[in-house]
Amino acid sequence: MRRSCFLIGLLMLSCSLVWGTSGFSTLKLKAIASSLSLPGLDTLSTGEYFHFSYKKRPLSVRINRWNEVEHIGLKLFHSSVKDNKPLSVYDFIERYLLDLDLNKGTEQAIRLGFNHVSFLVGDGDTVFDFDGTEEFECSMEAFRTCHVEWKRMGQTILAMSFDLDYQMLSGCNIVELERNYLQKLKHYEALLPNDFYEYDFPQKEKYHVVRGTTFMLDAIRNDLYFKKGEAWSLLSDTLKPVQSISNAMISRNVIGDYDLLVTLDLYGYRTEQVKVKLDDWLGLCEEEGCVAYFGLKEKLVDGYTGTVFMTNEKCGYIHILSVKFPMENLHKKRGDIEGRMFVYVPLHNVSEHFFYQTGYKRIGNEKE
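A. Representation of empty space enclosed by the protein. Enumeration over the complete set of coordinates arrives at 1 cavity of 30 Å³ or more. Its volume calculated, the largest cavity comes out at about 40 Å³. Around the largest cavity, the lining residues are A219, R221, D223, Y225, S246, F294 and I363.

Printed below as a string of structure tokens:
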């Protein structure tokens with residue numbers, strides 16, 4: 001009998017570990033949860049929940065795929081609305097207005113005041129007067145600021161502006177951001193990419209370039225290079241190495257099985273090395289809303305060097321990955337790619353002057 005009870009207890013514990021939350025994705029969320037009464041929070045599985053409330057207003061609570069609480073805030077937006085803008089921006093608005101009210105009259109309110117958030121019309125209390133008829137508008141100045149406002153019958157009742165500072169948007173300092181990013185790198189598994197190309201390919205040519213956009217310099221681009229076989233596919237060919245390497249570093253549809261052996265430069269002159277699938281890293285950046293660009297630097301005896309820029313203009317940051325891509329890897333369609341990475345670099349700290357000194361080469365002008 002005692003053995004049966006023990007086994008039942010173990011089963012219940014294992015179920016809670018599988019289906020219940022395992023913690024919080026940030027210390028900020030842990031602090032907010034401790035200020036609220038959210039019974040059953042630790043039993044929730046992956047998904048979004050709206051049954052909790054604060055001052056008669058529903059809360060938005062989201063549990064991520066790792067069973068962590070990744071959002072707690074006032075429910076101000078429908079899930080379909082959040083799909084139109086960066087999730088972190090909507091999360092910030094909902095979390096900030098809740099946090100502001102929770103800490104009214106405390107020392108923490110002074111700390112919140114250090115954030116670059118301005119109320120242009122109304123204040124933090126206005127949101128509790130919303131009746132559901134409000135119209136929401138959001139505009140962004142790339143790299144810089146976000147302006148949001150709610151209108152009722154054409155009249156603005158609440159307007160805010162805030163910096164596109166990802167530390168503020170995420171509720172983390174840089175040390176916590178880097179720690180969380182490392183955990184994602186180690187555990188993230190990308191879903192299969194969409195291999196459907198919505199491009200108009202020429203009928204007679206053997207090669208085709210789909211022009212993308214540039215970042216800072218004309219030589220830093222996200223063009224895609226295609227070759228015609230039985231069907232059009234992304235180039236992955238030692239006869240066209242620079243185009244093939246560019247494809248591999250920014251697209252998930254290249255044939256190959258590459259690993260990133262990357263050293264992360266962290267705050268406080270620390271480093272940490274991690275090995276991840278290149279496809280998983282590209283998928284993670286894609287999920288964050290980043291746009292990938294590649295800049296070719298130089299040709300070596302046994303390969304090429306270059307830099308991948310994962311830019312998230314709407315959240316104001318960039319991941320920078322410098323890589324050495326061996327020609328042997330391109331030949332075998334697999335192997336390790338060594339790199340060095342900086343994460344969550346504020347975009348407003350990145351200047352064109354820096355890029356002009358780095359010697360990136362325009363791939364379209366390469367003879368290979």
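B. Molecular detail of the packing of aromatic side chains. In this structure the tally under the stated criterion is 21 aromatic pairs. Ring centres of F201 and W232 lie 5.0 Å apart, and the angle between their planes is 10°; this geometry places the pair in the stacked category. With a gap of 31 residues between them, F201 in the loop between α7 (174-187) and β10 (207-210) and W232 in strand β14 (residues 232-234) connect regions that are remote in the sequence. Feature note: the residues F77, Y90, F130, F136 and W150 constitute an aromatic cluster, connected by ring pairs. Of note, K55 hangs over the ring of F128, and the distance from its end group to the ring centre comes to 5.4 Å. K240 extends its terminal NZ or CZ atom over the ring of Y207, reaching a point 4.7 Å from the ring centre.

C. The sheet that holds strand β9 (residues 155-163), seen in detail. Pairing in this open sheet of 4 strands is antiparallel, and the strands run β6-β9-β8-β7 from one edge to the other. The outermost strands of the open sheet, each flanked by one partner alone, are β6 (117-121) and β7 (135-141). Between one strand and the next, the sheet's axes are offset by a mean angle of 15°, whatever the strand orientation. Note: β6 against β9, 4 bridges, orientation antiparallel. Bridging across to β9, S118 finds its partner in S161.

D. Spatial organisation of helix α8 (residues 241-250). Counting buried residues in α8 gives 10 out of 10 residues, a clear majority hidden from the surface. All of the buried residues along α8 are P241, V242, Q243, S244, I245, S246, N247, A248, M249 and I250.

E. Seen up close, the sheet that holds β10. With antiparallel pairing, 3 strands are arranged side by side in an open sheet as β10-β13-β14. Each edge of the sheet is formed by a strand with only one pairing partner; in this case those strands are β10 and β14. Looking at each pair of strands side by side, their axes are set apart by 35° on average, direction ignored. The sheet contact formed by strand β13 (residues 224-228) and β14 spans 3 bridges and is antiparallel. Across the sheet, the residue bridging to K228 is W232, located in β14. Together, β13 and β14 form the strand contacts of α8, whose direction differs from that of β13 by roughly 115°.

About the thresholds
- One numbering rule holds for all chains: residues counted from 1, following each sequence as written.
- In keeping with the predicted nature of the model, local features appear solely for residues at pLDDT of at least 70, side-chain atom pairs appear and are counted solely at 80 or more, and the whole-chain, interface and lining totals rest on all residues.
- To get the side-chain values, all heavy atoms of the structure are used, and hydrogens and water are removed first.
- Any residue with an atom within 4 Å of a point lines the site, the site being either a cavity, points on a 1 Å grid over the protein atoms alone where a 1.4 Å probe fits but cannot get out, or a pocket, an open set with protein on both sides within 12 Å along at least 5 of 7 lines.
- Grid points are joined across faces, edges and corners, and a volume is the space filled by probe spheres set on the points.
- Pairs were defined over the aromatic rings of Phe, Tyr and Trp, the Trp ring being its six-membered one, requiring ring centres within 6.5 Å. Orientation was assigned from the angle between planes: stacked under 30 degrees, edge-to-face over 60, tilted for the rest.
- Runs of H or I in DSSP of at least four residues are treated as helices and runs of E of at least two as strands, each being numbered from the N terminus.
- Criterion for a charge above a ring: Arg CZ or Lys NZ at most 6 Å from the ring centre, at most 35 degrees from the ring normal.
- DSSP bridges decide pairing: two strands pair if at least two such bridges lie between them.
- Axis angles are defined between N-to-C directions and span 0 to 180 degrees, where every axis is a line fitted to C-alpha atoms and, for a helix, only to the segment in contact.
- Here the term buried applies to any residue with accessible area under 20% of the maximum for its type, exposed to any over 50%, and partly exposed to those in between, with areas from a 1.4 Å probe on protein chains only.
- Whether two residues are in contact is decided by their heavy atoms, any of which lying within 4.5 Å being enough.

The quantities given are spatial measurements derived from coordinates; they are silent on function.
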